[in-house]
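One-letter residues, chain by chain:
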Amino acid sequence: MIDPVQEGIWNATKPYYPVTHTWAGEEVYEGDSVWILDSGEVVNDDVHDMKTYLMHRITVLGGIDKWVKEDLMEADSAAPFVLQLLEDGDNHQSLSLVDIFEDYYGGERQEAEADGE
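In this text the structure is predicted, and so the values were computed from the model without any measurement.

Colleague: Looking at this model, I keep getting lost on the nonpolar core. Mind explaining?
Modeller: In a soluble, globular protein the nonpolar side chains are often hidden away together inside. Of all hydrophobic cores here, the largest spans 19 residues; its most connected members are Leu54, Trp67 and Phe101. Counting only elements with at least two residues in this core, the list comes to helix 2 (47-61), helix 3 (64-71), helix 4 (78-86) and helix 5 (97-104). If we skip the residues at most four places from it in the chain, Trp67 touches Leu54, Arg57, Ile58, Leu61, Leu72, Ile100 and Tyr105. Counting residues in each nonpolar core, the second largest holds six residues, with Val19, Val42, Ala112 and Ala114 among its members.

This is the structure in structure tokens:
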């Protein structure tokens with residue numbers, strides 16, 4: 001008989017152990033909804049976690065101006081980029097968390113899977 005604790009499984013169908021970890025070291029289990037970024041980093045598909053990741057990137061880069069320039073590659077500072085987003089009329093653009101993760105970080109939303117499945 002298989003011992004579920006020794007084998008690292010919760011039951012015969014669901015893994016008890018994490019299949020990977022997020023950029024912040026949080027455990028990710030099979031079936032969890034996550035973003036896999038071009039950098040290989042994993043971010044939980046959760047508004048709070050997505051915002052936390054972006055705040056981390058802004059802090060690591062040394063401010064929002066550097067984030068807009070280096071991660072988003074949009075302008076030399078945040079002001080022109082933000083003003084562009086606020087324009088009225090036919091050129092009005094919006095930017096969501098999903099847009100940032102897909103367009104700027106090459107993110108792909110998916111369910112976490114155990115290796116080899």
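Still more ground to cover, so stick around.
Colleague: Explain the layout of surface pockets to me, please; I cannot follow it from the model alone.
Modeller: Here the largest pocket defines a volume of roughly 170 Å³. Forming the walls of the largest pocket are Leu54, Ile58, Ile64, Trp67, Val68, Leu72, Phe81, Val82, Leu85, Leu95 and Ile100. Counting residues per element, the ones that place at least two in the lining of the largest pocket are helix 2, helix 3 and helix 4. Of the residues in the lining of the largest pocket, the class split is 11 nonpolar, no polar and no charged.

Colleague: Before we go on, may I ask you to explain the packing of aromatic side chains in this structure?
Modeller: Centre-to-centre distance and the angle between the planes together describe a pair of aromatic rings. Applying the stated criterion to the full structure yields five aromatic pairs. On the numbers, 5.9 Å between centres and 50° between planes, the contact of Tyr53 with Phe101 is tilted. Here Tyr53, found in helix 2, pairs with Phe101, found in helix 5; they are 48 residues apart in sequence, far enough to count as distant. Across this residue pair, the class does not change: Tyr53 and Phe101 are buried. Here Phe101 and Tyr105 contribute two aromatic rings whose centre-to-centre distance is 6.0 Å and whose plane-to-plane angle is 45°, an arrangement assigned as tilted. Cluster of aromatic residues (ring-pair linked, three or more members): Trp23, Trp35, Tyr53, Phe101 and Tyr105.

Colleague: In this structure, what is going on with the side chain of Asp49? I would like to understand it.
Modeller: Secondary-structure assignment places Asp49 in helix 2. In this structure Asp49 is buried but unpaired, with Lys51 as the nearest side chain of opposite charge at 11 Å. Setting aside anything within four residues of it in sequence, one finds Asp49 in contact with Glu26, Val43 and Asn44.

Cut-offs applied
- Residues numbered from 1 in each chain as written.
- Predicted model: local features only at pLDDT ≥ 70, side-chain atom pairs only at ≥ 80, totals over all residues.
- Heavy atoms only, no water.
- Core = buried A, V, L, I, M, F, W, Y, C linked by side-chain atoms within 4.5 Å.
- Buried < 20%, exposed > 50% of the residue type's maximum accessible area, 1.4 Å probe, protein only.
- Helix = DSSP H or I, 4+ residues; strand = E, 2+ residues; numbered from the N terminus.
- Contact = heavy atoms within 4.5 Å.
- 1 Å grid on protein atoms, 1.4 Å probe; cavity = no way out; pocket = protein on both sides within 12 Å on 5 of 7 lines; lining within 4 Å.
- Points joined across faces, edges and corners; volume = space filled by probe spheres on them.
- Nonpolar A, V, L, I, M, F, W, Y, C, P; charged D, E, K, R; others polar.
- Phe/Tyr/Trp six-rings, centres within 6.5 Å; stacked < 30°, edge-to-face > 60°.
- Lys, Arg positive; Asp, Glu negative; His and termini not counted.
- Salt bridge = Lys/Arg side-chain N within 4 Å of Asp/Glu carboxyl O.

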